[in-house]
Amino acid sequence: MKKWLVPVLILIVLLLAACSPAAPAAPAADETMVEAPMADDAMMDEKADDTTHDEAMADEAMADEAMMALPAWQTLPLVDATTGETFTLADFAGQTVFVEPMATWCTNCRRQLQNVAGARADLAGENVRFVALSLETNLAASDLARYTRNEGFDWTFAVMSPEILQSLADAFGRSITSAPSTPHFIIRPDGSTTELVTGIDSSAELVEMIRAAGS
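Residues numbered from 1 in each chain as written. Predicted model: local features only at pLDDT ≥ 70, side-chain atom pairs only at ≥ 80, totals over all residues. Heavy atoms only, no water.

Asks: Could you give an account of the overall build of the protein, naming the residues involved and the relevant values?
Replies: Looking only at helices and strands, the protein has 7 helices and 6 strands in total. Ordered by position from N to C terminus, the α and β elements of the protein give α-α-α-β-β-β-α-β-α-β-α-β-α. Scored against the burial criterion, the 215 residues of the protein give a buried share of 32%. Restricting the contact set of the protein to residue pairs at least 6 apart, pairs at least 24 apart contribute 66%. Summed over all atoms, the accessible surface of the protein reaches about 13100 Å², with 58% contributed by carbon and sulfur. (Helix = DSSP H or I, 4+ residues; strand = E, 2+ residues; numbered from the N terminus. Buried < 20%, exposed > 50% of the residue type's maximum accessible area, 1.4 Å probe, protein only. Contact = heavy atoms within 4.5 Å. Areas by Shrake-Rupley, 256 points an atom, 1.4 Å probe, with all protein chains shown as cover.)

Below is the structure:
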């Protein structure tokens, strides 16, 4: 081989090597590519938590606003004379609630409550609550409980506070404070009320009124 041919061959090899395309480098950000979806998931979870928290706060605010819109007689506390449990009439939202203001000394009230007992039996299993509220604001709960036992009235009885009685009078008029007129009204499931009714109604009449209010 001629001496000048060797350098020429070497030069050709070097040129070919220089012109060959370089192999693509392996991605250097493999860890980043794996971790990025994890970061996205964490952000989505955080946003979901924030959304749930915001919705809970909004629901609580709406509930507070609804309570503030109700009259005092629905939100002020009462005590069940028999069980000693504290409740409000607003606690029965979604139910039909028959409310009977009464007095333990009132014979008309006793007759009316006997009819209420009959209506309650006829409406057993329906979404109806019965509440009797004593107009005797200074009556001891134990005395009211004794009255219910003696008469066989086994639904909710409570003594009204002066504040509740005043709030009811503001809403329905002074006739609601007259026990012998046997005042009564119904709270509908949506929280609205019927007009105040006075006079003694039969069990059948009470059932008709209660079902009409709940429909």
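Asks: Run through the environment of Val159, naming residues and quoting values.
Replies: Tracing the backbone through its elements, the reader meets Val159 in strand E5 (residues 156–159). Under the relative-accessibility criterion, Val159 is labelled buried at 18%. Sequence separation of Val159 and Val79 is 80 residues, and the distance between their C-alpha atoms is 7.2 Å. Leave out the neighbours within four places in its chain, and Val159 touches Leu78, Val79, Ser134, Glu136, Thr137, Leu139 and Leu144.

Asks: An account of the nonpolar core is requested, with residue identities and associated values reported.
Replies: The biggest cluster of nonpolar side chains holds 47 residues, and the ones touching the most others in it are Leu133, Phe157 and Leu168. If you list the elements that add at least two residues to this core, you get strand E3 (96–102), helix H4 (107–122), strand E4 (128–134), helix H5 (141–151), E5, helix H6 (162–172), strand E6 (185–187) and helix H7 (203–214). (Core = buried A, V, L, I, M, F, W, Y, C linked by side-chain atoms within 4.5 Å.)

Asks: Break down the sheet that holds E4 for me, citing the residues and quoting the values.
Replies: The 4 strands are arranged E5-E4-E3-E6 in an open sheet whose pairing can be described as mixed. This sheet does not close on itself; its edge strands, each paired only once, are E5 and E6. Across the sheet, the axes of successive neighbouring strands diverge by a mean angle of 25°, strand direction being ignored. Across 3 bridges, E3 lies against E6 in antiparallel orientation. When the bridges of E6 are listed, Val99 appears paired with Phe185. H4 rests against E3, E4 and E5 of the sheet, and its axis sits at about 165° to E3. (Pairing = 2+ DSSP bridges. Axes fitted to C-alpha atoms, helices over the stretch in contact; angles between N-to-C directions.)

Asks: Talk me through H5; I want residue IDs and the actual numbers.
Replies: For H5, the complete set of buried residues consists of Leu144, Ala145, Tyr147 and Thr148. Relative to the axis of H5, the buried residues are bounded by an arc of 155° and lie together on one face. In H5, those exposed residues whose orientation departs by more than 90 degrees from the buried face are Arg149 and Asn150. The inward-facing, buried residues of H5 contact E3, H4, E4 and E5. Just downstream of H5 lies Gly152, where phi reads positive at about 75°. (Arc of directions from axis to C-beta.)

Asks: Residue-level account of unusual backbone geometry, with values.
Replies: Notably, Thr182 is not glycine yet its phi reads approximately 45°, a positive angle. Following the sequence through the fold, Thr182 ends up in the loop between H6 and E6.

Asks: Quick one: what's the story with the pairing of E3, residue by residue and with numbers?
Replies: The element E3 is largely enclosed, with a buried count of 7 among its 7 residues. The alternating pattern of E3 places Thr96, Phe98, Glu100 and Met102 and Val97, Val99 and Pro101 on opposite faces, both of which are buried. As paired strands, E3 and E4 are joined by 7 bridges and run parallel to one another. If you follow Met102 over to E4, its bridge partner there is Ser134. What joins E3 to E4 is H4, and the crossover it makes is right-handed. (Right-handed = clockwise from strand over helix to strand, strands pointing away.)

Asks: So what's going on with the environment of Ser175? Which residues, and what values?
Replies: Mapped onto the fold, Ser175 is located in the loop between H6 and E6. Taking the C-alpha atoms as reference points, Ser175 and Val197, separated by 22 residues in sequence, lie 9.6 Å from one another. The residues contacting Ser175, other than those within four sequence positions of it, are Ser181, Pro183 and Leu196.

By themselves these figures say nothing about function.
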